[in-house]
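Coordinate analysis (summary)
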Amino acid sequence: MDNFINPRRVRPYKGARPDDGPVLYWMHRDFRARNNWGLIRARQEALRLRVPVAVVFCLVPEFLGATFRQYDFLLRGLEETADLLEIAGIPLILRCGAPEIEMRRLCEEHKPSLVVTDFDPLRIKRQWLRVLTESAACVVEEVDSRNIVPAWLASEHREFMARTFRPKIHRHLGEFLEPFPELAPHPFTWIVPPAGLDFLSLRARLKVDTDVPPVVWLQPGENGALATLETFFTHRLADYGQRNDPNKNVCSDLSPYLHFGMISAQAIVLELRQRGLEGEAVDDFVEELVVRRELSDNFCLHTPDYDQVSGFSPWARSTLAAHQGDPRPYLYSDEAFDRGQTHDPLWNGAQNQLVRTGKMPGYLRMYWAKKILEWTENPARALRVAIHLNDRYALDGRETNGYAGIAWSIGGVHDRGWAERPIFGTIRYMNQAGARRKFDVNRYVRTWTPGQPSLFPVPDHP
Ligand code: FAD
Ligand code: FO1
């Protein structure tokens, strides 16, 4: 029985191992049938034990402020994954409610010999795992299918800069950047598959804010992810060096798929190599996709208060505290931020793009969050506003990249100190003069806040 998966990707938790029960794979981060180490592990063990395997998805009627926009993307993508799993003879069991309770019920009903589940450093997910490991009679195994290098191996502590984390990641790539086995049909079938809901009744149980509509410009699911990747490789990757210009559409638009795990970052890097794509743009993209993205999981894994000011580094906390009393010329309410009604058309445009499309270009995300620090009475409220708006409107919200990106902007996480100034202290400052050196701000404002007076005398050229 050759091992399909490197055992170092698997973290087992105590439990007996009755050998005759089925194997369950509780999918709650990596929603895909292809290139999914958790699924590969579950099927491999079911093959070894000669028992059936099933995938479980538990719908949480409300999740960290998610709206209909994110649930719609998730559920439409999951329907496609259910079809791919069915082809491999692996049922997808849909449940709804508190995952801790639903998983315990499933374990009582089916006495599995093993439960495999996704690694996820978010607090709510650590709680789900804790309850599962306490209640399941069988062994529970956690598999990191989100990162190329399992987060618990990449570094045993919080890394303070990408500079210190990068060599650790590159040192492990030789072992972990390996090809995935194909998902072959599973030969041991369920006599009676576990009871579950269908997608229609699942949707009926959602209790989410429907004021934030689904996006229409992106096709959810594994195939939509592959099509988006193809578009990126063919038409944008070569110009990725211009990604700081929000007027240019040269980024991958993969973050919603990566957030919901509808595509594997490891598979993307393997595909880049397979196609012999090289050069500075490719290196820059891999730096973001692998080093920056896995650094975010490192941040959340080792910083339980990743969404609090207390999670900032000491230097950042003290510099922000030292400037707490500085005059704040602009202060805005939650509603003014939400509606993009500040004095700054560039900020309003970025907020408008986020609300309308569920996405904001990376460069503007930094500017957007830093201005929230500047226009709120303290960093704690700035964090709350930024996280709330990001999680409410962004398709890729509730993601470690988001908590790390907002903490970078407001609390200097993974950054160093800069010249001291009011309100920011030595936290890196950004302003429109800097933006105008990088791109045509007027053009961006015209695109995203139609009818908004332009910022400066309108030069036709940047
Ligand atoms: P590309 O440039 O094509 O990058 C490809 C992938 O690499 C991204 O999908 C992402 O997974 C990863 N990546 C790129 N930049 C970063 C980065 N700086 N940190 C970590 N991973 C990165 N990313 C999210 O996935 N969800 C969020 O909620 C989120 N919120 C952010 C908030 C702020 C204030 C900041 C500064 C950054 C935030 N980011 C977030 C990181 C980054 O801006 C987005 O990942 C990126 O813009 C997504 O667009 P893309 O897929 O086209 O990016
Ligand atoms: N994971 C689940 O297991 N069940 C859900 O109902 C669920 C809803 C959901 C809604 C929006 C969103 O952004 C994420 C959601 N997730 C859900 C979790 C998600 O897939 C990710 O695991 C984390 O948000 C990222 O770590």
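Residues numbered from 1 in each chain as written. Chains lettered and ligands numbered in written order. Predicted model: local features only at pLDDT ≥ 70, side-chain atom pairs only at ≥ 80, totals over all residues. Heavy atoms only, no water.

For the protein, the helix and strand inventory stands at 19 helices and six strands. Rg of the C-alpha trace for the protein: 23 Å, near the compact-globule value of 23 Å for 462 residues, within the 12% margin. Along the three orthogonal principal directions, the C-alpha set of the protein runs to about 75 × 45 × 45 Å. Across the protein, every contact between residues at least 6 apart in sequence was considered, and the portion connecting residues at least 24 apart equals 80%. Carbon and sulfur atoms make up 53% of the accessible area of the protein, which amounts to about 19100 Å² in all. Taken as two groups, the 58 positive and 59 negative side-chain charges of the protein have centres that lie 3 Å from each other. (Helix = DSSP H or I, 4+ residues; strand = E, 2+ residues; numbered from the N terminus. Rg over C-alpha atoms; globule rule 2.2 N^0.38 Å. Contact = heavy atoms within 4.5 Å. Areas by Shrake-Rupley, 256 points an atom, 1.4 Å probe, with all protein chains shown as cover. Lys, Arg positive; Asp, Glu negative; His and termini not counted. Charge placed at Lys NZ, Arg CZ, Asp CG, Glu CD.)

This brings us to the site of ligand 2. Lining the immediate environment of ligand 2, one finds 20 residues, of which Val60, Asp120, Lys125, His259 and Arg398 sit closest. Interatomic distance of 2.8 Å between a backbone N/O atom of valine 60 and an oxygen atom of ligand 2. Side-chain polar atom of histidine 259 to an oxygen atom of ligand 2: 2.8 Å apart, as the coordinates give it. Notes on ligand 2: free accessible area 520 Å², of which the protein chains cover 100%. Elements that contribute at least two residues to the shell around ligand 2 include exactly β3 (53-59), α2 (68-87) and α4 (123-135). Within the shell around ligand 2, the residues separate by chemical class into 12 nonpolar, four polar and four charged. (Near = heavy atom within 4 Å. Polar contact = N/O pair within 3.5 Å; in protein donor to acceptor, adjacent residues only side chain to side chain. Nonpolar A, V, L, I, M, F, W, Y, C, P; charged D, E, K, R; others polar.)

Taken as a class, soluble globular proteins show a tendency for nonpolar side chains to be buried jointly. Ranked by size, the top nonpolar core spans 95 residues in total, and within it Phe57, Leu92, Ile268 and Phe285 carry the most contacts. Both domain 1 (1-145) and domain 2 (147-180 + 221-302) contribute no fewer than three residues apiece to this core. The residues touching isoleucine 268, leaving out its near neighbours within four places in the chain, are Leu229, Phe233, Leu254, Leu258, Ile263, Phe285 and Leu289. (Core = buried A, V, L, I, M, F, W, Y, C linked by side-chain atoms within 4.5 Å. Buried < 20%, exposed > 50% of the residue type's maximum accessible area, 1.4 Å probe, protein only. Domains from an automatic or database assignment.)

So, about the side chain of asparagine 6. Its place among the elements puts asparagine 6 in the segment before β1 (10-13). Of note is the side chain of asparagine 6, whose polar atom sits 2.8 Å from the side chain of glutamate 175. When near neighbours in sequence (up to four residues on either side) are disregarded, asparagine 6 contacts Glu175, Phe176 and Glu178.

Another point: the site of ligand 1. Neighbouring ligand 1 are 27 residues, the closest being Tyr240, Ser252, Asp253, Asn390 and Asp396. One of the backbone N or O atoms of serine 255 is found 3.0 Å from an oxygen atom in ligand 1. Protein contact buries 92% of the 820 Å² of open area that ligand 1 shows by itself. Within the residue set of the shell around ligand 1, elements represented by two or more residues are α9 (255-259), α11 (280-302), α15 (362-374) and α17 (400-411).

Below, the discussion takes up the sheet that holds strand β5 (residues 114-118). Across the sheet, six strands lie side by side as β1-β6-β5-β2-β3-β4; this open sheet has mixed pairing. Two strands in the sheet have a free side with no partner beyond their single neighbour: β1 and β4 (92-96). Averaged over all pairs of adjacent strands, the angle between their axes in this sheet comes to 25°, without regard to strand direction. Where β5 and strand β6 (residues 139-143) come together, five bridges link them in parallel fashion. Residue pairing for β6: threonine 117 is matched across the bridge by glutamate 142. Sheet strands in contact with α2 are β3 and β4, and its direction is about 170° off that of β3. Packed onto the sheet, α4 meets β1, β2 (23-26), β5 and β6 and runs at close to 155° relative to β6. (Pairing = 2+ DSSP bridges. Axes fitted to C-alpha atoms, helices over the stretch in contact; angles between N-to-C directions.)

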